[in-house]
Amino acid sequence: MAINILMPALSPTMTEGKLAKWHVKVGDTVTSGQVVCEIETDKATMEVEAVDEGRIGQLVVPEGAEGVKVNAVIAILLEEGEKEVTKVAAAAPAPAAKPAAAPTPAPVSAPKPAPPTPVPAASGDGARLFASPLAKRIAVDKGLDLSRINGSGPGGRIVKADVEAAKPGQSAAAKPAATAQPVFAAPGDTRVPHTPIRKVIARRMLESKQTVPHFYLAVEFEIDALLAARQAINAVTEKRGTKVSVNDMVIKACAKALRDHPECNASWTEDEMIQYGAVDISVAVATDRGLITPIVRNADMKGLAQIAAEMKDLAARAKAGKLKLDEFQGGGFTISNLGMFGIKNFAAIINTPQAMILAVGAGEERVVVRKGQMVVRNMLDCTLAVDHRVVDGALGALFLQTLRAYVEQPAAMLA
């Protein structure tokens, strides 16, 4: 009997994907575990392996097809003895399968029953909204405008808890007029369709700035001792093919500081704060598809050479779209470094649900005053963005004091 190969759910937020590449063709014999295709999701490009054995009878979805729904039939596998596909399978979604849970250092919230299927509603300006039937009924009873409520359910749908937490002022009468300006395309302009990753970046950054109370702490580190230590370390590690960067040393210093201040290695939920047991550092990597943040797991327990080797591998596979799901989902703290582009300092947007992100600028020689004398030192500007719900100003300052001690006295991070 023919076996349908379905579009898998490769991330908890994936509802559709692009069939980027087929690794097989009609007539090929495949074995269990063999890579059959590459799928571009809302996070990365990932390889899909065959679960069953057989011969490819039909490729239902062509290479390069976009918007293929999760659980849609993408190919048909013939079992032994079957000569041809007797019935062409429709590329319509099969009954929804339960997606794999996102691997994280600790659960952010307790599992909840799946909410009802979202029902589209309309806002005052005609835009489509998604809310569960129960949420819609409660909104009507309370006189609330659903278009003014941020949904916390899958795909941003509005659920019962969102409506119950909404304030009476969030009504249709209080809704301000839309201020979005139209975009006029002129001859010669280029239209670049949004990639799935770019859409996710846009949504997550908007949600972070709208829902997380950011505050910023800027510091200036003296890094002469760190640069000297790096040179000495590389004199040894380069013989083994590994080169430690300043960013690798910042990763290690942040990890040690987070171990010293575990209350900063945390996330906010509506019911509680989750303090992570592991120190997992996300590091922003720019790719041609958008920004992705691979994770150095247990960074406080690893040596600089190991961190450097892992980051080199993670960055290369991130740019190639070959990261595994657990290599970029999770993490408790993020580092974003634009120093290699000559950026002196900047403020980054928090990578929710994390509570802090460190923006690292370019190191440069500056004239500073030491014991009443003007001297030249290598200085590094860093700006810490903090979720004020999780970390108060004084605690953020203490974290940076500890981080300064590790950066300016690098021997301490190796102890």
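Each residue is numbered by its place in its chain's sequence as written, counting from 1. Residue-level local features of this predicted model are given only where pLDDT is at least 70; pairs of side-chain atoms are given and counted only at 80 or more, and the full residue set underlies all totals for whole chains, interfaces and linings. Just so you know, side-chain values use all the structure's heavy atoms and leave hydrogens and water out.

**Thoughts on the packing of helix H5 (residues 246–260) against helix H7 (residues 393–408)**
The line we're drawing: Only C-alpha atoms enter the line fits that serve as axes; for helices the fit covers just the stretch in contact. Angles between N-to-C directions range over 0 to 180 degrees. Helix and strand definitions here come from DSSP, where helices need a minimum of 4 consecutive H or I residues and strands a minimum of 2 consecutive E residues; each element is numbered from the N-terminal end. Orientation is classified from the angle alone, with under 35 degrees giving roughly parallel, over 145 giving roughly antiparallel, 65 to 115 giving roughly perpendicular, and any other angle giving oblique. When the near helix sits turned anticlockwise from the far one by under a right angle, the crossing is termed left-handed; a clockwise turn instead gives a right-handed crossing. Contacts: residue pairs with any heavy atoms within 4.5 Å of one another. In this classification, Asp, Glu, Lys and Arg are treated as charged, Ala, Val, Leu, Ile, Met, Phe, Trp, Tyr, Cys and Pro as nonpolar, and every other residue, Gly included, as polar.
Contact geometry of H5 with H7 gives a least axis separation of 9 Å together with a crossing angle of 135 degrees. Judged by the inter-axis angle, H5 sits oblique to H7. H5 and H7 meet at a crossing whose hand is right-handed. Seen from H5, the contacting residues are Ala253, Cys254, Lys256, Ala257, Leu258 and Asp260; seen from H7, they are Phe399, Thr402, Leu403, Tyr406 and Val407. A class-by-class count of the residues in the contact of H5 with H7 yields eight nonpolar, one polar and two charged.

**A closer look at unusual backbone geometry**
We count it as follows: For the exposure calls, accessible area comes from a 1.4 Å probe over protein chains only, and a residue counts as buried if that area is under 20% of its type's maximum, exposed if over 50%, partly exposed in between.
The peptide bond linking Thr352 to Pro353 adopts the cis configuration, its omega dihedral lying at 5 degrees. Here Pro353 lies in the loop between strand S18 (333–337) and strand S19 (356–370). A positive phi angle is found at Asn71, which is not glycine, with a value near 75 degrees. Checked against the element boundaries, Asn71 lands in the loop between strand S7 (68–69) and strand S8 (73–78). For Asn71, a relative accessible area of 9% gives the class buried.

**So, the nonpolar core**
Basically, it comes down to this: Nonpolar core, defined: a set of buried Ala, Val, Leu, Ile, Met, Phe, Trp, Tyr and Cys residues in which side-chain atoms within 4.5 Å join the residues together.
Ile281, Phe333, Met356, Phe399 and Leu403 are the most contacted members of the largest nonpolar core, which totals 79 residues. In this structure, Phe333 is in contact with Cys254, Leu258, Asp280, Ile281, Ser282, Gln354, Met356, Leu358, Leu384 and Phe399, ignoring residues within four places of it in sequence. Listed in part, the ten residues of the second largest apolar core include Ala131, Leu146, Ile158 and Ala166.

**Some thoughts on the sheet that holds S18**
Using the following cut-off: We call two strands paired when DSSP finds no fewer than two bridges between them.
The sheet built from six strands is open, its strands ordered S11-S20-S19-S18-S14-S17 with mixed pairing. One side of each edge strand has no neighbouring strand; the edge strands of this open sheet are strand S11 (214–222) and strand S17 (295–296). As defined by bridge partners, strand S14 (residues 281–283) adjoins S18 across three bridges and the pair is classed as parallel. Considered in S18, the bridge of Val283 is made with Ile335. Against the sheet, H5 touches S14, S18 and S19, its axis set at about 155 degrees to S18.

**Brief notes about helix H3 (residues 196–211)**
Quick reminder of the rule: Take the residue count of a helix, subtract one, and multiply by 1.5 Å to get its expected span. This arc corresponds to the set of directions leading from the helix axis out to the C-beta atoms.
Helix length check: H3 (16 residues) gives 22 Å between terminal C-alpha atoms against 22 Å at 1.5 Å per residue, within 8%. Looking at H3, one finds that the buried residues are Ile197, Val200, Ile201 and Ser208. Down the axis of H3, the sector holding all buried residues measures 100 degrees, keeping them to one side.

**Some points on the confidence of the model for the protein**
Test applied: Here pLDDT means the predictor's own confidence in every residue, given as a number from 0 to 100.
The pLDDT averaged across the protein works out to 84; a share of 83% of its residues lies at or above 70. Between residues 88–128, whose pLDDT stays under 50, and residues either more than four places distant or in other chains, the model counts 76 contacts. Low pLDDT, under 50, characterises residues 171–178; the predicted model gives this stretch 14 contacts beyond four residues in sequence or across chains.

**A closer look at the sheet that holds strand S4 (residues 35–40)**
What the four strands build is an open sheet, ordered S5-S4-S2-S7; its pairing is antiparallel. Where the open sheet ends on each side, the last strands, each with one partner, are strand S5 (45–49) and S7. Bridging between strand S2 (residues 16–22) and S4 involves four bridges; their strand directions are antiparallel. Residue Lys21 lies in a different strand from S4, and its bridge partner there is Glu38.

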